[in-house]
Amino acid sequence: MDVNGRVTAKSATSLTVGTTLVDVPATATIRHGNKVLTLADILIGDHVEVKGTRTTTGITATEVKVESGDDEEDTRSEEHTSELQSLRHLVCRLLLEKK
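From a predicted model like this one, the values you see are computed outputs, not experimental measurements.

Within the structure shown, the criterion is met by 1 salt bridge. Of the charged contacts, one joins E63 and K65 as a salt bridge, the two residues approaching to 3.9 Å between their closest N and O atoms. Look at E63 and you get partly exposed, because its relative accessible area is 26%.

This next bit is on the pairing of strand β4 (residues 29-32). Burial of β4 is one-sided: the residues I30 and H32 facing one way are buried, the residues T29 and R31 facing the other way are not. Bridge analysis of β4 against strand β7 (residues 58-67) gives 3 bridges, and the strand direction is parallel. In the sheet register, I30 faces β7, and the bridge partner there is V64. By the bridge criterion, 2 bridges tie β4 to strand β5 (residues 35-36) in an arrangement that is antiparallel. Its bridge partner lying in β5, H32 is registered against K35. Taken together, β4 and the strand that follows it, β5, pair antiparallel across an intervening segment of 2 residues, in which G33 is found at a positive phi of about 65 degrees.

Calculation criteria
Residues numbered from 1 in each chain as written. Predicted model: local features only at pLDDT ≥ 70, side-chain atom pairs only at ≥ 80, totals over all residues. Heavy atoms only, no water. Salt bridge = Lys/Arg side-chain N within 4 Å of Asp/Glu carboxyl O. Buried < 20%, exposed > 50% of the residue type's maximum accessible area, 1.4 Å probe, protein only. Helix = DSSP H or I, 4+ residues; strand = E, 2+ residues; numbered from the N terminus. Pairing = 2+ DSSP bridges.

Right, here's the structure in full:
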């Protein structure tokens, strides 16, 4: 069984995708592109595709793919700060954002 949609809630062991409860066991593979993620990396609002087996309460995931939104660029980013200092003064602080 497959489920696609936005994550609307999460706990330490499960996600809610739309209105579907998805149990995510430690054996489930979680990826964003080629990058391996953990359940803790998934954010509410992320768009996911879940593959798994149906249960009486929802789905038990075997694979979770975190996807970019519909025709949107991935909104996840990394920030890095670089500082240039003299011995006495801060000369420049540069914030770099990688999307």
